[in-house]
Amino acid sequence: MDMNEALKNLERVREQVRRVLRYYVDEGGCPCGYRPFIYWVGKKQGPGWQDNVQNALVKSTLELPFFEKTELECGDWGYSGSWFCRGCGTLWRHISIEWRMLAFHDRLLRKGEEYPDSLYPGLLAMDVAATAGLEPKGLEALSLDQWVEFMMGREYSSRPWRSGP
Ligand SMILES: [Zn+2]
């Protein structure tokens, strides 16, 4: 993928992420109560790869006007702040770990739901950045379109992760 294509792809991801967040805000006021959301912002990543859709979703969520950074501190590895949703009062912990130079595993963990991986059986985005040899082989992945369906609670279909478009 050349630079132009990569940027175009990132813009497509951001667009769909914003669409999903808008859907939650319109339907429920904020995203905090939606199971697919709790799963996708909080699931584990890597170690040798990152879920680009998850990182974009975490970033856009923290930019929501009713998400507020709090002064809470905690000793978790990679802890980069707590966020309070003024819509519903939920507290989220932001974990950001640099797993490779300038590449991050971003996670948002809802207070009281520190193990969101168990909500769904191991789904990730098809859009992944990986170190050669450490790709998420054998895991089930969603294309960007199918991801939107999943996040909105509609029927979706996954297929085994593979690299490339
Ligand atoms: Zn909320």
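Residues numbered from 1 in each chain as written. Predicted model: local features only at pLDDT ≥ 70, side-chain atom pairs only at ≥ 80, totals over all residues.

### Notes on the sheet that holds strand β9 (residues 159-160)
Operational definition: Here, a strand pair is defined by DSSP locating no fewer than two bridges between the strands. For helices the rule is a DSSP run of H or I covering at least 4 residues; for strands it is a run of E covering at least 2, with both sets numbered from the N terminus onward.
Reading across the sheet, the three strands line up as β6-β8-β9 and stay open at both edges, with mixed pairing between neighbours. With one partner strand each, in any of the chains shown, β6 (123-125) and β9 form the two edges of the open sheet. As defined by bridge partners, strand β8 (residues 140-142) adjoins β9 across two bridges and the pair is classed as antiparallel. Residue pairing in the sheet places A141 in a bridge with R159 of β9.

### Description of the nonpolar core
Short version of the rule: The term nonpolar core refers to a group of buried residues, namely Ala, Val, Leu, Ile, Met, Phe, Trp, Tyr and Cys, whose C-beta atoms join them within 7 Å. With C-beta atoms placed from the backbone, a residue is buried if 20 or more other C-beta atoms are within 10 Å of its own, exposed if 12 or fewer are, and partly exposed between those counts. Contacts are defined on C-beta atoms placed from the backbone: any two residues whose C-beta positions lie within 7 Å are in contact.
In this structure, V41, V53, L57, A125 and L142 are the most contacted members of the largest nonpolar core, which totals 32 residues. When contributions to this core are tallied by element, the ones reaching two or more residues are α1 (3-28), α2 (35-42), α3 (52-62), β4 (91-100), β5 (103-110), β6, β8 and α4 (144-151). Setting aside its immediate chain neighbours within four residues, A125 contacts D51, N52, V53, Q54, A141, L142 and W147.

### Brief notes about the pairing of β4
Put simply, side chains in a regular strand alternate between the two faces of the sheet. Pairing analysis gives four bridges linking strand β3 (residues 79-85) to β4, with the strands arranged antiparallel. Bridge pairing in β4 places S82 opposite R93. Alignment of β4 against β5, held across eight bridges, turns out to be antiparallel. By the bridge assignment for β5, W92 is matched with R110.

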